[in-house]
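A look at the structure
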Amino acid sequence: KNEIFPVPTLALALSIGYSSVVASILKDSCDIGTIIVNLCGASSTGKTTAEQLLVSPFACPAITNKYGLVHTFHSTTNALFECLNGIHGLPIVLDDITTNKNINVENLLYTISSGEEKMRCQQDGTLKESKSGFDGVVVISSEYPVYELASENQGLKARVIHTQGITWTPNAETAERIKEFVNDN
């Protein structure tokens, strides 16, 4: 309480996490789709700490590609979408997009904002059963705005909220205490 709430950027991180619940509730009546928030900025500004904090009220904030809500981009695109599938109203974090040069960023952002993967057919030409999709808020971290990693398509800028240049934690000691707290929670 004394570490997080007095710091506006950390309160913002928690607000981003909680906004996933509201976005999920409003998705059908307001047609907002899945909200993408890009935490972009230089290394050592507390992006990962903010990501773990915003997920911590909902699940274990450990960064893992097995289970949970915080994943890395050390995956295939299909595996990333499988991690998103079935998540409704919870914040999902995809940490550091710049670690995977094989991701088609434009396709990734459009698919995330739509809340479902593209339709697929079986070998006989019939449609595969659709998965349940996902909705809420997906947070993607990067050192540069994600739209700079994609084409010049203006539609991407409208689908992503950028938080460029924010120093999320006041210092390294605070970041470590927050990480320790949220991982013990």
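A brief look at the structure comes next. Just so it is clear, the structure is predicted and the values come from calculations on it, not from any experiment. All residue numbers refer to positions counted from 1 along the written sequence of the respective chain. The predicted origin of the model limits local features to residues at a pLDDT of at least 70 and limits the giving and counting of side-chain atom pairs to 80 or more, whereas totals for whole chains, interfaces and linings rest on all residues. The basis for every side-chain value is the complete set of non-hydrogen atoms in the structure, without hydrogens or water.

Comments concerning the side chain of Ser141
Each helix is a run of H or I in the DSSP string that is no shorter than four residues. Each strand is a run of E no shorter than two, and both are numbered from the N terminus. Of note, Ser141 is situated in strand β4 (residues 137-142). For Ser141, a relative accessible area of 2% corresponds to the buried category. Pairing of N or O atoms within 3.5 Å defines a polar contact, subject to two protein rules: one partner must be a possible hydrogen donor and the other a possible acceptor, and residues neighboring in sequence count only if both atoms are side-chain atoms. A polar contact of 3.0 Å, which involves the side chain of Ser141, links it to the side chain of Asp95. A polar contact of 2.6 Å, which involves the side chain of Ser141, links it to the backbone nitrogen of Asp96. Once you skip the residues sitting within four places of it in the chain, Ser141 turns out to touch Asn38, Leu39, Glu51, Leu94, Asp95, Asp96 and Ile97. Exposure classes here rest on a 1.4 Å probe applied to the protein chains alone. A residue is buried below 20% of its type maximum, exposed above 50%, and partly exposed in between. Any two residues whose heavy atoms approach within 4.5 Å are treated as being in contact.

Let's talk about the pairing of β4
Judged by how many residues are buried, β4 sits mostly within the fold: six of six residues are covered. Pairing between strand β1 (residues 35-40) and β4: six bridges, direction parallel. Pairing of Leu39 across the sheet is with Ser141, part of β4. Each pair of strands is called paired provided DSSP finds at least two bridges between the two strands. Pairing analysis gives three bridges linking strand β3 (residues 92-95) to β4, with the strands arranged parallel. Within β4, the residue paired with Leu94 across the bridge is Ile140.

Let's talk about the nonpolar core
Put simply, buried Ala, Val, Leu, Ile, Met, Phe, Trp, Tyr and Cys residues joined by side-chain atoms within 4.5 Å make one nonpolar core. Leu53, Phe73, Leu108, Leu109, Ile112, Val139 and Ile140 are the most contacted members of the largest nonpolar core, which has 41 residues in total. Contributing elements (two or more residues each) for this core: α1 (8-30), β1, α2 (47-55), α3 (77-84), β3, α4 (105-114), β4 and α6 (172-184). Each residue touching Val139, except ones within four places of it in the same chain, is listed here: Ile16, Val37, Leu39, Glu51, Leu54, Ile92, Val93 and Leu94.

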